[in-house]
Amino acid sequence: MSLDKSDVEKIAHLARLAIDESTIPDYARDLNNILNLVEQMSAVNTDAVSPMAHPLDAHQRLREDVVSETDQRELFQSIAPKTDDGVYLVPQVIE
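Right, let's walk through the structure included here. (Residues numbered from 1 in each chain as written. Predicted model: local features only at pLDDT ≥ 70, side-chain atom pairs only at ≥ 80, totals over all residues. Heavy atoms only, no water.)

## Some thoughts on the overall build of the protein
To keep it simple, the criterion reads: We count a stretch as a helix when DSSP gives it H or I for four or more residues in a row; a strand needs E for two or more, and each element gets its number in order from the N terminus. Should any heavy atoms of two residues lie within 4.5 Å, those residues are counted as being in contact.
For the protein, the helix and strand inventory stands at 3 helices and 2 strands. Going from N to C terminus, the protein has its helices and strands arranged as α-α-α-β-β. For the protein, the spread of C-alpha atoms along the principal axes amounts to about 65 × 45 × 20 Å. Within the protein, residue pairs in contact and separated by at least 24 positions form 28% of the contacts whose partners lie at least 6 positions apart.

Here is the structure:
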């Protein structure tokens, strides 16, 4: 796939970018290089590669999920203008 001047102008318009006429060939070359790299990466056989969440085998130290505050919902909802069944009622914004 090769991008030309009109393609770069369309992309710039969609991205709401103002670019100089003189820099369009540079943008076209850079975008073509990116697309060529994506094509090369798509051609690589990844059948034996298992997906991973992070390139490093790092483990996060997580804290215990312990309740550290008392339930104050009744207190907070007692000062709210409108509540029902434990939820806050607000005016409808979208019809």
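## Some remarks on the environment of aspartate 26
Positionally, aspartate 26 belongs in helix 2 (residues 24-43). For the pair aspartate 26 and valine 8, spaced 18 residues apart in sequence, the C-alpha separation works out to 10.0 Å.

## Focus on the side chain of glutamine 77
Examined against the element boundaries, glutamine 77 turns out to sit in helix 3 (residues 73-78). Ignoring anything within four residues of it in the chain, the contact list for glutamine 77 reads Thr83, Gly86, Val87 and Tyr88.

## Here we look at the pattern of salt bridges
Two side chains bearing opposite charge may form a pair once their charged atoms approach each other closely. This is how it is decided: A pairing counts as a salt bridge when a side-chain nitrogen of Lys or Arg comes within 4 Å of a carboxyl oxygen of Asp or Glu. For every residue, the accessible area (1.4 Å probe, protein chains only) is compared with the maximum for its type, and the residue is labelled buried under 20%, exposed over 50%, or partly exposed between those bounds.
For the coordinates displayed, the defined rule picks out 3 salt bridges. We note a salt bridge from aspartate 30 to arginine 29, for which the minimum N-O separation is 3.6 Å. The exposure class of aspartate 30 is partly exposed, given its relative accessible area of 37%. Judged by its relative accessible area of 46%, arginine 29 falls in the partly exposed class. Connected through salt bridges with shared partners, the residues Asp26, Arg29 and Asp30 form a single ionic network.

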